[in-house]
Amino acid sequence: MAKPIVLIAEELSPATVDALGPDFDVRSVDGTDRPALLAALADANAILIRSATNVDAEAIAAAPHLKVVARAGVGLDNVDIKAATAAGVMVVNAPTSNIISAAELTVGHILSLARHIPVAHASLAEGLWKRSKYTGVELYEKTVGIIGLGRIGALITERLQAFGMTVVAYDPYVTSARAQQLGVTLLSLDELLKTSDFITIHMPKTPETTGMIGTDQFALMKPTAFIVNVARGGLIDEDALYAALKSNRIAGAGLDVFVSEPPTGSPLLELDNVVLTPHLGASTDEAQEKAGVSVARSVRLALDGELVPDAVNVAGGAIDPSVRPGIPLMEKLGQVFAGLADSPITSIDVEVYGEIVEFDVNVLKLAALKGIFSNIVSESVSYVNAPLLAEARGITVRLSTDATSSEYRNLLRISGSLSSGATISVSGTLTGTKQTQKIVEINGYDVEVPVAEHLIVMIYTDRPGIVAIYGKEFGEAGINIAGMQIARQSKGGQALSVLTVDSPVPDELLASVATAIKAELLREIDIVDA
């Protein structure tokens, strides 16, 4: 019987090939040679890549036997996940391979800024001896502000506390108990910016976090403060950063990531008070080896038909066909649940009702957690690290099943508690022969809304004229309402309205609508394809 063909399209560590073992026909191709790549894909069952090989819709179409695309690293910008999913091709990455390397690079940037190491080296290389010009500052007894207290943020905390630094953090999804466990004080973003001597960002890049540090934020910082970003390009507004550095509004900055890479022509390259590196967060021998070995193991699991924890688009493995359609729905319910949370989550209950409970539905709990954390943390979220992310934040997670489902054949529900004492919930089901994904409950209100990319959820006191108010506001702003449903529990009581809209809604417009109708809750939830 012929061995499955595994294609290696870029240079990977010898340990990667060793991890594949002898059960595969391992072939090599230059992934940047497009004709050679497409020809080699014709027989491939799996392909291992790094960042240089583009696995787009054309490449997937050229690979009729392809089962898995494995990216030896974190980023997946060079893989068309939607096309892969449509073709039934699993996409896997190595989400935890570079966290130590990224944390250490962050500390390196902080030390380089504090002691002017790069510019002092350049001066000495020019034959100059200017000791007094490069007088720096100690880290000892300084305050570092960490924006995003996830796994990388926690590693940085541990390392900088060893320098005798005080650590404060901003993370709306971390509980005070978790922060206390780490020895960190939670602050609002504004408070963190005002009090920190060093600031480092470790947030996911979303529409809400893009440009989150701009002119207004630099105005709050100390003139002696330094800021570092090794997470995602665009979290810092680069034009505002240049202005702040040029005018000495802040003391310096360290960047490993940029809006456009490479940052050719960026005015930041002209400044002496900025340290720039070419996206080196994962560029260590150890991180590359961990990534290669991790995805090699995932390829083995995928081709053996086992559950692949690091799959980013489909769970794969020994999952009953009756359960599989619920996986993407549960991920999307998780995104809605996270969008409804206005304070840190303390507990999560994943509930499954109906006939599918006769099968193993543990993967639905993983899918719920993956959806919840997808827009909360800076790391790539997978089935294997989602439970770890919950554990790291002190979140209790429970799965319950019940074969009885009164209204629907099967019902999936996520409920939970927040640190504010509030409880939230969202339920969904699959209907019809096309298995249409629908939301059927939000916070106790019965609705029936198809899952859409952009949802607006609002709660307000039921009275005449509300629909006209927000219809007018959205209409004047050019926001098209594609669908709408209103639910209430009693006449004249609280009402919940769910709108599906065709485009994102700016925060200022949401605030205007909330003021106009005096809504208690008004938020947009953007859902990405699971």
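Fair warning: this is a prediction, and the values are worked out from it, not measured in the lab.

Visitor: Outline the pattern of salt bridges, supporting the account with residue identities and numerical values.
Guide: Scanning the model with the defined rule gives 14 salt bridges in all. Where Arg34 meets Glu58, a salt bridge forms, and the shortest distance between an N and an O atom there is 2.8 Å. Separated by 24 residues along the polypeptide, Arg34 in helix α2 (residues 34–41) and Glu58 in helix α3 (residues 57–61) bring together distant segments of the chain. Residue classification places Arg34 among the partly exposed positions, given a relative accessible area of 23%. With relative accessibility at 46%, the residue Glu58 sits in the partly exposed group. The closest approach of N and O atoms between Asp462 and Arg488, which form a salt bridge, is 2.5 Å. Here Asp462 is found in the loop between β19 (454–461) and α16 (466–476), whereas its partner Arg488 is found in strand β20 (residues 481–488), with 26 residues between them in sequence. What makes Arg488 partly exposed here is its relative accessible area of 48%. In this structure, a network of salt bridges that share partners links the residues Arg34, Asp56 and Glu58.

Visitor: Lay out the packing of helix α13 (residues 326–340) against helix α14 (residues 362–373) in plain terms, naming residues and giving numbers.
Guide: As a packed pair, α13 and α14 sit with axes 7 Å apart at the nearest point and diverge in direction by 40°. As far as their axial angle goes, α14 and α13 are oblique. As for how α13 packs across α14, the hand of that crossing is right-handed. Across the interface between the two elements, Gly326, Ile327, Met330, Glu331, Gly334, Gln335, Phe337 and Ala338 of α13 pack against Val363, Leu364, Ala367, Ala368, Lys370, Gly371 and Ile372 of α14. The residue makeup of the contact of α13 with α14, split by class, is nine nonpolar, four polar and two charged.

Visitor: An account of the sheet that holds strand β16 (residues 423–431) is needed here, citing residue identities and associated values.
Guide: As summarised here, the arrangement of the six strands in space is β14-β13-β15-β16-β17-β18, forming an open sheet in which the pairing is mixed. At either margin of the open sheet sits one strand with a lone partner, and together these are β14 (396–402) and β18 (445–450). Ignoring which end each strand starts from, the neighbouring axes of this sheet average 20° apart. Here six bridges tie strand β15 (residues 410–418) to β16, and the two strands are oriented antiparallel to one another. Counterpart to Arg413 in the pairing with β16 is Ser427. The strands that α13 touches are β13 (345–354), β15, β16 and β17 (436–442); relative to β16, the one it contacts most, it runs at about 155°. Set on the sheet, α14 makes contact with β13, β14 and β15; between it and β13 the angle comes to about 140°.

Visitor: Report on the sheet that holds strand β4 (residues 68–71), specifying residues and quantitative values.
Guide: Pairing within the open sheet is parallel, and its five strands lie in the order β2-β1-β3-β4-β5. Lying at the two open borders of the sheet, with one neighbouring strand each, are β2 (25–28) and β5 (90–92). On average, each strand axis in the sheet is inclined to that of its neighbour by 20°, with strand direction left out of account. In this structure, strand β1 (residues 5–8) lies alongside strand β3 (residues 46–49), joined through three bridges in parallel fashion.

Visitor: Quick rundown of helix α7 (residues 151–161)? Include the residues and the values.
Guide: Every buried residue belonging to α7 is among Ile152, Gly153, Ala154, Leu155, Ile156, Thr157 and Leu160, and all of these are buried. On the buried face of α7, the contacting elements are α5 (99–115), β6 (143–147), β7 (166–170) and α8 (176–182).

Visitor: Please set out helix α12 (residues 285–303) residue by residue, giving values where relevant.
Guide: Helix length check: α12 (19 residues) gives 27 Å between terminal C-alpha atoms against 27 Å at 1.5 Å per residue, within 8%. When we look at burial in α12, the residues that qualify are Ala287, Ala291, Gly292, Val293, Val295, Ala296, Ser298, Val299 and Ala302. If you follow the buried residues of α12, they end up packed against β1, α1 (14–20), β3, β4, β5 and α5. Looking one or two residues beyond α12, the residue adopting positive phi is Gly305, at roughly 75°.

Visitor: Go over the environment of Leu186, please, and point to the residues and values.
Guide: Checked against the element boundaries, Leu186 lands in strand β8 (residues 185–186). A relative accessible area of 28% means that Leu186 is categorised as partly exposed. In contact with Leu186, other than residues within four places in its own chain, are Ala169, Val174, Thr175, Ser176 and Ala179.

Visitor: How would you summarise the nonpolar core if you had to cite specific residues and measurements?
Guide: One finds Met330, Ile348, Leu364, Phe373 and Ile414 to be the most contacted residues of the largest nonpolar core, which totals 53 residues. Sequence-distant contacts of Leu364, defined by excluding residues within four places in its chain, comprise Val323, Gly326, Ile327, Met330, Val350, Val352, Ile356 and Leu412. Grouped together as the second largest cluster of nonpolar side chains are 29 residues, Ala102, Ala103, Leu149 and Val184 included.

Visitor: Account for the side chain of Asn93, with residues named and values stated.
Guide: With respect to the helices, strands and loops of the structure, Asn93 is situated in the loop between β5 and α5. You can call Asn93 buried: its relative accessible area is 1%. Only 2.9 Å separates the side chain of Asn93 from the backbone oxygen of Val74, close enough to count as a polar contact.

Visitor: Kindly report on unusual backbone geometry, identifying the contributing residues and their values.
Guide: The omega torsion of the bond from Glu261 to Pro262 falls at -5°, within 30 degrees of zero and hence cis. Tracing the backbone shows Pro262 in the loop between β11 (252–255) and β12 (274–276). A positive phi angle is found at His116, which is not glycine, with a value near 55°. With respect to the secondary-structure elements, His116 resides in the loop between α5 and α6 (117–125). A positive phi angle, close to 50°, is found at Asn443, a residue other than glycine. Structurally, the position occupied by Asn443 is in the loop between β17 and β18. Since its relative accessible area comes to 21%, Asn443 is described here as partly exposed.

Visitor: Hey, could you go over empty space enclosed by the protein for me, with residue numbers and the actual values?
Guide: Applying the stated criterion across every chain yields a total of one cavity of 30 Å³ or more. Each pocket or cavity is described by its volume, and for the largest cavity that value is around 30 Å³. In terms of lining residues, the largest cavity is bounded by twelve residues, among which Gly150, Asp171, His202, Val377 and Ser378 are the most central.

About the thresholds
Residues numbered from 1 in each chain as written. Predicted model: local features only at pLDDT ≥ 70, side-chain atom pairs only at ≥ 80, totals over all residues. Heavy atoms only, no water. Salt bridge = Lys/Arg side-chain N within 4 Å of Asp/Glu carboxyl O. Helix = DSSP H or I, 4+ residues; strand = E, 2+ residues; numbered from the N terminus. Buried < 20%, exposed > 50% of the residue type's maximum accessible area, 1.4 Å probe, protein only. Axes fitted to C-alpha atoms, helices over the stretch in contact; angles between N-to-C directions. Parallel < 35°, antiparallel > 145°, perpendicular 65-115°, else oblique. Left-handed = near helix turned anticlockwise from the far one by under 90°. Contact = heavy atoms within 4.5 Å. Nonpolar A, V, L, I, M, F, W, Y, C, P; charged D, E, K, R; others polar. Pairing = 2+ DSSP bridges. Expected span 1.5 Å × (residues − 1). Core = buried A, V, L, I, M, F, W, Y, C linked by side-chain atoms within 4.5 Å. Polar contact = N/O pair within 3.5 Å; in protein donor to acceptor, adjacent residues only side chain to side chain. 1 Å grid on protein atoms, 1.4 Å probe; cavity = no way out; pocket = protein on both sides within 12 Å on 5 of 7 lines; lining within 4 Å. Points joined across faces, edges and corners; volume = space filled by probe spheres on them.

Spatial relationships are all this shows, so hold off on functional conclusions.
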